[in-house]
Amino acid sequence: MRIAICNALYPTPGDPLIFGGAEVFVRQFAEALVERGDSVTVLRSSLTGSRATETVNGVRVEFIPVRNLFPPFAERKNPLLRLAWHAIDDRVHASAEIERILKDIRPDLLHSHTLNGLSTDVWRMAKRQNLPILHTMHDYYLICPRCSRFRSGAACQTTCGSCQVLSANRRRRTALVDAVASVSQRTLDIHRENGVFDHTVQTHVVRNVPNPAIVFSDLTLSDGPLTIGYLGRFSEEKGVRLLLEAVACLPPGSVRLLLAGRVSEAEKETLTALAPQAEIEFVGFVSPSDFYRQVQVVVMPSIWHEPGSLALVDALAAGRPVIGTPFGGIPEIIEDGVTGWIADATVRDLSAGMARLVEQPGLVLAAHRALADRRQARRVFSNVVDDYQAIYASLLPR
């Protein structure tokens, strides 16, 4: 089968930038398809503005110049420039290079993922060639230009006027899509609640699975403080500030907090000041498997509708119980009271959840055993590829 995949980024030796989990997934997925005998071409944004082609592990990668003021994921611009960029991104016609490439490779279908910079207009070009279209949602790009539905320190409950205007065309173009997949049911529901993808469109939930490099490790508890870990971005919606404020409510010496990820010195000072009596260690950018071996419990304090956290499924695969909030796809992954715990995203409830584990460490060990029992039944990446190939088959003529 010949498959065209669109994603805003695709890491290659020539341009290795990784901004989020979507490009990690797409690279692993594209290479898995090639291993199964499919021909895969990836269309991605060119961050340099130059047209280029690379072939990496059997995947042909086409770099498409962005028809906008600056490339996606560029350093933060002033608000007016960002507003203009989002307006152009919603209204621009996709590069004619995309249509030329599609005519050249003659794919059996188009599978789109994140489209920042490429534009949902790629769907129109695909339809001009009568290609079936599958779109996978990793975020909220189709209904929110910021992709997060998060504003002023809180998850959006409704779609604001500016998002309605700045996503008008992409919302309209969703009518061109034949099937949609989401990494969580909640993310799919939010889109449908906002009038995107009606009952005529095939809908699927294909959840993320752990990175195969993650290693399950034994868990032991000592008489010292409970070691709690957080791994991920330090952006506001991830709730790291909430986590520090909750830790500040715990008795000094009861927990040790390890924070992994890229963070500036200024952010370190701000976060440390929130819990001055706590034992906090910033461990930087580390191997996830190495990190999980150092902690006993992981906290996912997200305050936005996290679609399908890769860090969460990785933590559980490593054998580390997780305290998570009831946002997005988090409750779909954690079995509350079995493999982890759901706590409301408040300082009181999150601190109470951690305090309970300090007082009853047997709960941590019981959750770890439950994760060990589920190891054989856990979905792996080949199951995800199977799911998508089944969707492909449903879209092609019999």
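Residues numbered from 1 in each chain as written. Predicted model: local features only at pLDDT ≥ 70, side-chain atom pairs only at ≥ 80, totals over all residues. Heavy atoms only, no water.

Regarding the packing of helix α8 (residues 240-248) against helix α9 (residues 265-274)
Argument step 1. Packing of α8 against α9 brings their axes to within 8 Å, and their N-to-C directions diverge by 35°. From α8, V240, R241, L244, E245 and A248 reach across to α9, where they touch T270, L271 and L274.
Argument step 2. A per-class count over the contact of α8 with α9 returns five nonpolar, one polar and two charged. (Axes fitted to C-alpha atoms, helices over the stretch in contact; angles between N-to-C directions. Helix = DSSP H or I, 4+ residues; strand = E, 2+ residues; numbered from the N terminus. Contact = heavy atoms within 4.5 Å. Nonpolar A, V, L, I, M, F, W, Y, C, P; charged D, E, K, R; others polar.)

Focus on the side chain of S45
Argument step 1. Secondary-structure assignment places S45 in strand β2 (residues 39-46).
Argument step 2. Reaching out from S45, the side chain makes a polar contact with the backbone oxygen of N116 at a distance of 3.4 Å.
Argument step 3. Leave out the neighbours within four places in its chain, and S45 touches N7, A8, F63, I64, V66, P72, N116, G117 and L118. (Polar contact = N/O pair within 3.5 Å; in protein donor to acceptor, adjacent residues only side chain to side chain.)

Quick notes on the pattern of salt bridges
Argument step 1. This model, assessed by the stated rule, comprises 23 salt bridges.
Argument step 2. Residues R36 and D386 are paired through a salt bridge, measuring 2.7 Å at the closest nitrogen-oxygen approach. Here the residue R36 occupies a position in the loop between α1 (21-35) and β2, and D386 occupies one in helix α15 (residues 381-395), the gap between them amounting to 350 residues.
Argument step 3. Under the relative-accessibility criterion, R36 is labelled partly exposed at 36%.
Argument step 4. Because the salt bridges share partners, they merge into one network encompassing R51, R60, E62, E97, R100 and D104. (Salt bridge = Lys/Arg side-chain N within 4 Å of Asp/Glu carboxyl O. Buried < 20%, exposed > 50% of the residue type's maximum accessible area, 1.4 Å probe, protein only.)

Let's talk about the layout of surface pockets
Argument step 1. In this structure, the second largest pocket spans a volume of roughly 430 Å³.
Argument step 2. For the lining of the second largest pocket, the secondary structure elements donating two or more residues are α11 (310-317) and α12 (330-333).
Argument step 3. Of the residues belonging to the lining of the second largest pocket, the class tally is nine nonpolar, two polar and six charged. (1 Å grid on protein atoms, 1.4 Å probe; cavity = no way out; pocket = protein on both sides within 12 Å on 5 of 7 lines; lining within 4 Å. Points joined across faces, edges and corners; volume = space filled by probe spheres on them.)

Concerning the pairing of strand β13 (residues 279-284)
Argument step 1. Note that strand β12 (residues 255-260) and β13 share five bridges and pair parallel. Bridging across to β13, A260 finds its partner in G284.
Argument step 2. As a crossover connection, the stretch from β12 through α9 into β13 is right-handed. (Pairing = 2+ DSSP bridges. Right-handed = clockwise from strand over helix to strand, strands pointing away.)

A word on helix α13 (residues 347-359)
Argument step 1. Between its first and last C-alpha, α13 extends 18 Å over 13 residues, near the 18 Å set by a 1.5 Å rise per residue.
Argument step 2. Burial in α13 covers these residues: L350, S351, M354 and L357. Here the buried residues of α13 occupy an arc of 120° about the axis, which is enough to place them on one side. Looking at α13, the residues exposed on the side facing more than 90 degrees away from the buried face are R348 and E359.
Argument step 3. Contacts from the buried residues of α13 go to β11 (226-231), α8, β14 (297-300), β15 (322-324), β16 (340-342) and α14 (362-373). (Expected span 1.5 Å × (residues − 1). Arc of directions from axis to C-beta.)

Some remarks on unusual backbone geometry
Argument step 1. We note that N57 has phi near 50°; this positive angle belongs to a residue other than glycine.
Argument step 2. Within the fold, N57 resides in the loop between β3 (52-56) and β4 (59-65).
Argument step 3. Unlike most non-glycine residues, R149 shows phi in positive territory, near 50°.
Argument step 4. As for its position among the elements, R149 is in the loop between β6 (133-137) and β7 (150-151).

Thoughts on the environment of A52
Argument step 1. With respect to the element layout, A52 can be found in strand β3.
Argument step 2. Sequence spacing of A52 and D386 is 334 residues, and the spatial spacing of their C-alpha atoms is 31 Å.
Argument step 3. For A52, the residues in contact, after removing those within four places along its chain, are V61, E62 and F63.

Quick word on the pairing of β6
Argument step 1. Buried residues dominate β6, accounting for five of its five residues.
Argument step 2. Crossover handedness for the path strand β5 (residues 109-112) to helix α4 (residues 121-128) to β6: right-handed.
Argument step 3. As paired elements, β6 and strand β9 (residues 179-182) share four bridges and run parallel to each other. Across the sheet, residue M137 finds its bridge partner in β9, namely S182.

Side note on the nonpolar core
Soluble globular proteins tend to bury their nonpolar side chains together.
Argument step 1. Ranked by size, the top nonpolar core spans 64 residues in total, and within it I98, V122, I323 and M354 carry the most contacts.
Argument step 2. Ranked by residue count, the leading element in this core is α8, at six residues.
Argument step 3. Non-local contacts of I323, meaning those with residues more than four positions away in its chain, are made with V297, V298, V299, M300, I334, W341, A343, L350, G353, M354 and L357.
Argument step 4. One finds F25, A179, A181 and Y392 within the second-largest nonpolar core, a separate group that totals 28 residues. (Core = buried A, V, L, I, M, F, W, Y, C linked by side-chain atoms within 4.5 Å.)

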